[in-house]
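# Overview (structure and organization)
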2 protein chains.
Amino acid sequence: MMQPAAIALGVHLRVLSASRQDCANQVIPDVVIGQVDDVEAVLGFARGCDVITFEHEHVPAEVLERLVQSGIPVRPGPQALLYAQDKGEMRARLSALGLPCPAWRLVSDGAEAAEFAAQTGWPIVLKATRGGYDGRGVWVVSDEAAAARVAAEAAERGVALLAEAAVPFVRELSAQVARSPHGQAVAYPVVETVQREGICREVYAPAPGVDEAAALEAQRIALTIAKELEVTGMLAVELFQTADGALWINELAMRPHNSGHWSIDGALTSQFENHLRAVLDLPLGAPDPHAPLAVMANVIGLDLPDLYPAYLHCLARDPGLKIHTYGKAVKAGRKIGHVTVLGAELDDCLERARHAAAYLRGEIDE
Amino acid sequence: MMQPAAIALGVHLRVLSASRQDCANQVIPDVVIGQVDDVEAVLGFARGCDVITFEHEHVPAEVLERLVQSGIPVRPGPQALLYAQDKGEMRARLSALGLPCPAWRLVSDGAEAAEFAAQTGWPIVLKATRGGYDGRGVWVVSDEAAAARVAAEAAERGVALLAEAAVPFVRELSAQVARSPHGQAVAYPVVETVQREGICREVYAPAPGVDEAAALEAQRIALTIAKELEVTGMLAVELFQTADGALWINELAMRPHNSGHWSIDGALTSQFENHLRAVLDLPLGAPDPHAPLAVMANVIGLDLPDLYPAYLHCLARDPGLKIHTYGKAVKAGRKIGHVTVLGAELDDCLERARHAAAYLRGEIDE
């Protein structure tokens, strides 16, 4: 999804791809095959690049450091990426900045978890500090025995554990900002995200009915994090909102994020374009939305191996629908595409986006 | 510019490219090097493609016919493309359809031109029936001697000549439609185009102050041509408008056209996306504009070899500007990119787009 923005900007992309089957290879001519944890492969790949950036945060710190030593700008830099890679480091840093985090502590066994829960009440949330995504590496536990089982497994796999108070949220928001090396920043409208089974299903931009003070506070939090952590590129701050309107930081992503896919069709400057502009230290573009409302729904693979007939049906049913397919093989639970609908009425946009996403995955057939 | 639309749709593009230096090679992985008049090269290239389409009309008829014979859908087909390739055939067909063409006839020498001018008055317009673009192959002549010189040169080069009455137009419009093989069609808002030295400089979408009847008539003309000529893909009908509001057909283009570049950033479905949808017989997308007005200005190469500092300046000056660069070497008179501005006020959009286009070509430096 970076390539269309790169083409318009006249930016040449070179991609380090784990295999010839990766979908980036379908749309980008300059692909180097190599593994992200192979320092020599990464250094060879990087030679001649003006800047290195990422589509995920799981690049080992030692690889990042070697890149930096070799003199190639890495954006976001390792000192910023650390906080997107390690949830324990993130909590410590954001708490020190006085930003709203749920109660938290690192725990190594069931007893420590129980000690923590004595303050916050059960259930608590246990998270692997590193490596999780889309709900993986997160466990909600209701007693010491369950916590002990998770802790034992984590210890066995050498993973540190973070305990957090379970926030009784009424909805989840995401605040996205772009920040460039010289410190320019732009904030996108704050969106609502809807998760099921830990996977983002829908995004509403802007978050319906969010009051202005909360939206501004969410943007302030994201801009503060971007500045204090010296993030370059796109930053997404996932937030919980509780019934009283308060915001609590959940997670950070330092890259274009699923909660910003609506901006491809729905904003003057997409998150992909602003990510490229930011990491290249080009002036940032206006994030103005094209319509009062955008609804994005992910297409999550189910059991429809051939999308094509469904694709035809959806395009014919709704000429205003923007369907994006990722060129990935259909696999249960995998995000294989998304749809975006622009409009003015939430109910109308929701019906159209949900119908298309359900039809494309084969959940409905009319 | 087709590639971003193809990526979103999940369509794989294979490009026949005249050389490794062609700019399509920078952004499309599947490139075959070959010449468009080399039948065997084209047939080899086409093997395995679902459909063949074009970014210009200058593919020889015999190559098109061999493609059709080989069973590969060619869209638009040779029987439609003929009318975009040959202005004489176009005039004959459109006149037979009762569509508004300036007075015309084929001429082979100065005497025939003078005979024609006796009906219409001097000056008249002489056009090579084939091969011209961006003002090339068009001559305005004011007497028989000048006409005779053009005719002699044309005869020497084996080019047939068309004489047309010079239309005293007050502005030029372009009506774009997309049409698919099964006959679905959508019409884009009618735009005004501004030419200088035969090259399109600016496009205003929609045409400012055009009355509804004229806009509907322009769309009706384009839809009629698309249907009667069995065009598939995008069709642009360039029109002259005279002081009394009347419309006269100037030229046809059967492909995405410069007059529709505003739709990349300014419409829900760009002309490139609808061209792909149409030639693949996918349902067409809504051409709804995002803003009350879009202004597109071409960046015409002058003498600024390194665009980068100007590019930085323009992005910084106007965060709402959409700059597109084509990856071409800068050459005087060559279209090397375009800028689009969305807004509500013509004066404001014009100032922003003109400033950027002039700054990028090096005409102004503040």
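These numbers come from a predicted model, not from an experiment.

Two chain copies here: they are related by a rotation about an axis and a translation along the same axis. Between chain A and chain B, the superposition needs a rotation of 180 degrees and an axial shift of 0.0 Å, giving an RMSD of 0.0 Å. The operation mapping one copy onto its partner corresponds to a two-fold rotation axis.

Moving on to the environment of A:Gly137. With respect to the helices and strands, the residue A:Gly137 is situated in the loop between β4 (124–128) and β5 (138–141). Those residues in contact with A:Gly137 that sit more than four places away from it in its chain are A:Leu126, A:Lys127 and A:Ala128.

Another aspect to go through is the state of the cysteines. Taken as a whole, this structure holds 0 disulfides over all chains when the rule is applied. A disulfide-free cysteine, A:Cys23 has its sulfur positioned 18 Å from the sulfur of A:Cys200, the nearest such atom. Judged by relative accessible area, A:Cys23 falls into the partly exposed class, the value being 28%. B:Cys349 provides the cysteine sulfur closest to B:Cys314, a residue in no disulfide bond, and the two sulfurs are 16 Å apart.

Glancing now at the interface of chain A and chain B. If you look at the interface, chain A gives 37 residues, while chain B gives 38 residues. Summing both sides of the interface, chain A and chain B together bury roughly 2,900 Å²; the carbon and sulfur share of this comes to 59%. Its largest share of buried area at the contact with chain B, chain A owes to A:Ile7, A:Leu268 and A:Lys322, together 17% of the area lost on that side. Where chain A meets chain B, there are 2 salt bridges. Its salt-bridge partner being B:Lys322, residue A:Glu273 comes within 2.8 Å of it at the nearest N-O pair. On inspection of chain A and its partner chain B, the count reaches 12 residue pairs in polar contact (both at pLDDT 80 or more). Looking at the side of chain A that touches chain B, the elements that each hand over two or more residues are α1 (2–9), α10 (271–279), α11 (308–317) and β14 (322–325) of chain A.

Glancing now at the side chain of B:Glu172. All names here are of chain B. In this fold, Glu172 is placed in strand β7 (residues 169–179). It is Lys127 that comes nearest to the buried, bridge-free Glu172 among opposite-charge side chains, at 8.6 Å. Among the polar contacts listed, one links the side chain of Glu172 to the side chain of Gln195, at a separation of 2.9 Å.

Residue and element names in this part refer to chain A. Overall, antiparallel pairing links the 4 strands, which are arranged β3-β6-β4-β5 in an open sheet. Strand pairing shows two members of the sheet lacking a second neighbour, β3 (104–107) and β5, which therefore form its edges. Each strand of the sheet is rotated relative to its neighbour by a mean of 25 degrees, with strand direction disregarded. Direction of pairing for β4 relative to strand β6 (residues 161–165): antiparallel, over a ladder of 5 bridges. Its bridge partner lying in β6, Ile124 is registered against Ala165. On the sheet, helix α5 (residues 87–96) packs against β3, β4 and β6 and is oriented at approximately 145 degrees with respect to β3. Across the sheet, helix α6 (residues 110–120) lies against β3, β4 and β6, angled at about 165 degrees from β3, the strand it touches most.

Take helix α7 (residues 144–156) of chain B next. Residue and element names in this part refer to chain B. In this model α7 runs 18 Å from its N-terminal to its C-terminal C-alpha over 13 residues, within 8% of the 18 Å that 1.5 Å per residue would give. Burial in α7 covers these residues: Ala146, Ala147, Val150, Ala151 and Ala154. The buried residues of α7 occupy an angular sector of 135 degrees when projected down its axis, which confines them to one face. Of the exposed residues in α7, those oriented more than 90 degrees away from the buried face are Arg149, Ala155 and Glu156. Elements in contact with the buried residues of α7: α6 (110–120), β4 (124–128), β5 (138–141) and β6 (161–165). Residue Asp143 occupies the N-cap position of α7, its side-chain oxygen lying 3.3 Å from the main-chain nitrogen of Ala145. Following α7 by one or two positions, Gly158 has its phi on the positive side, about 70 degrees.

Looking now at the pattern of salt bridges. Under the defined criterion, the tally for this structure stands at 40 salt bridges over all chains. Notably, a salt bridge pairs A:Arg201 with A:Glu197, separated by 3.6 Å at the nearest N-O pair. Assessed through its relative accessible area of 10%, A:Arg201 is described here as buried. Relative accessible area serves as the criterion here: at 70%, A:Glu197 is assigned to the exposed category. Between B:Glu164 and B:Lys127 there is a salt bridge, with the nearest N and O atoms lying 3.1 Å from each other. Of this pair, B:Glu164 sits in strand β6 while B:Lys127 sits in strand β4, and the two are 37 residues apart along the sequence. Judged by relative accessible area, which is 4%, B:Lys127 ranks as buried. Here the residues in one salt-bridge network are A:Lys87, A:Arg91, A:Lys127, A:Glu164 and A:Glu251, joined through shared partners.

Before going further, it helps to spend a moment on the UniProt feature "binding site: ATP" (unreviewed entry) in chain A. Residue and element names in this part refer to chain A. The UniProt feature table records "binding site: ATP" (unreviewed entry) at Lys87, Lys127, Glu164, Ala165, Ala166, Val167, Glu172, Asn250 and Glu251. Since its relative accessible area comes to 2%, Glu164 is described here as buried. Taking the relative accessible area as the measure of exposure, Glu172 reaches 12% and is therefore buried.

This paragraph deals with the packing of helix α4 (residues 78–85) of chain A against α5(A). All names here are of chain A. At a closest axis distance of 5 Å, the pairing of α4 and α5 adopts a crossing angle of 105 degrees. When the interaxial angle is binned, α4 and α5 end up roughly perpendicular. Residue-level inspection shows Leu82, Tyr83 and Gln85 of α4 in contact with α5, the latter providing Lys87, Glu89, Met90 and Arg93.

Along the chain, B:Arg75 connects to B:Pro76 via a cis peptide bond; the corresponding omega equals -5 degrees. Take B:Pro76: it is sitting in the loop between α3 (61–69) and α4 (78–85). Put simply, B:Ala205 and B:Pro206 share a cis peptide bond, and its omega is -5 degrees. Mapped onto the fold, B:Pro206 is located in the loop between β10 (199–205) and α8 (212–228). One non-glycine residue, A:Asp281, adopts positive backbone phi at about 60 degrees. Mapped onto the elements of the fold, A:Asp281 is located in the loop between α10 and β13 (293–300). Notably, B:Glu230 is not glycine yet its phi reads approximately 55 degrees, a positive angle. Its location among the elements puts B:Glu230 in the loop between α8 and β11 (233–242).

Here the focus is the environment of B:Asp365. All names here are of chain B. Tracing the backbone through its elements, the reader meets Asp365 in the segment after α12 (346–361). On the basis of relative accessibility, which here comes to 66%, the residue Asp365 falls in the exposed class. The spatial distance from the C-alpha of Asp365 to the C-alpha of His313 is 9.7 Å, given a sequence separation of 52 residues.

Think of an α-helix as turning once every 3.6 residues; residues three or four places apart then point the same way. Residue and element names in this part refer to chain A. Those residues of helix α3 (residues 61–69) that sit buried are Val63, Leu64 and Leu67. Angularly, the buried residues of α3 cover 100 degrees about the axis, an arc narrow enough to put them on a single face. In this structure, α3 carries Glu62 and Gln69 as exposed residues pointing more than 90 degrees from its buried face. Along its buried surface, α3 packs onto α2 (39–46) and α4. A positive backbone phi angle near 90 degrees is found at Gly71, which sits one or two residues after α3.

Moving on: the environment of B:Ala278. Inspection of the secondary structure puts B:Ala278 in helix α10 (residues 271–279). B:Ala278 has contacts with B:Arg179, B:Ser180, B:Pro181, B:Gly233 and B:Leu284, leaving out every residue within four places of it along the chain.

What counts and how
All residue numbers refer to positions counted from 1 along the written sequence of the respective chain. Written order determines the labels here, with chains lettered from A and ligands numbered from 1. In keeping with the model being predicted, local features are shown solely for residues with a pLDDT of at least 70 and side-chain atom pairs are shown and tallied solely at 80 or more, while totals for entire chains, interfaces and linings include all residues. Water and hydrogen atoms were dropped before computing side-chain values, which therefore reflect all heavy atoms in the structure. Residues reaching a pLDDT of at least 70 in both copies supply the C-alpha atoms on which the copies are superposed by least squares. Helix numbers and strand numbers start at the N terminus; a helix is a DSSP run of H or I with at least 4 residues, a strand a run of E with at least 2. Contact definition: two residues touch when any of their heavy atoms are within 4.5 Å. Two cysteine sulfurs form what is called a disulfide whenever their separation falls within 2.5 Å. Categorising residues by exposure relies on relative accessible area from a 1.4 Å probe, with only protein chains included: less than 20% of the type maximum marks a residue as buried, more than 50% marks it as exposed, and the intermediate range marks it as partly exposed. Simply put, the buried area is the total loss of 1.4 Å probe accessible area from both parts when two parts are fitted together. Definition used for salt bridges: Asp or Glu carboxyl oxygen within 4 Å of a side-chain nitrogen of Lys or Arg. Pairing of N or O atoms within 3.5 Å defines a polar contact, subject to two protein rules: one partner must be a possible hydrogen donor and the other a possible acceptor, and residues neighboring in sequence count only if both atoms are side-chain atoms. Under this rule, positive means Lys or Arg and negative means Asp or Glu; His and the chain ends count for nothing. What makes two strands pair is DSSP finding at least two bridges between them. For helices, the axis comes from a line fit to the C-alpha atoms of the stretch in contact; other axes are also lines fit to C-alpha atoms, and the angle between any two N-to-C directions lies between 0 and 180 degrees. A helix is expected to span 1.5 Å for every residue after the first. The arc refers to the directions leading from the helix axis to the C-beta atoms. UniProt positions are given in the numbering used here, feature names are shortened, and annotations may be inferred rather than shown by experiment. To sort the angles, those under 35 degrees are grouped as roughly parallel, those over 145 as roughly antiparallel, those from 65 to 115 as roughly perpendicular, and the leftovers as oblique.

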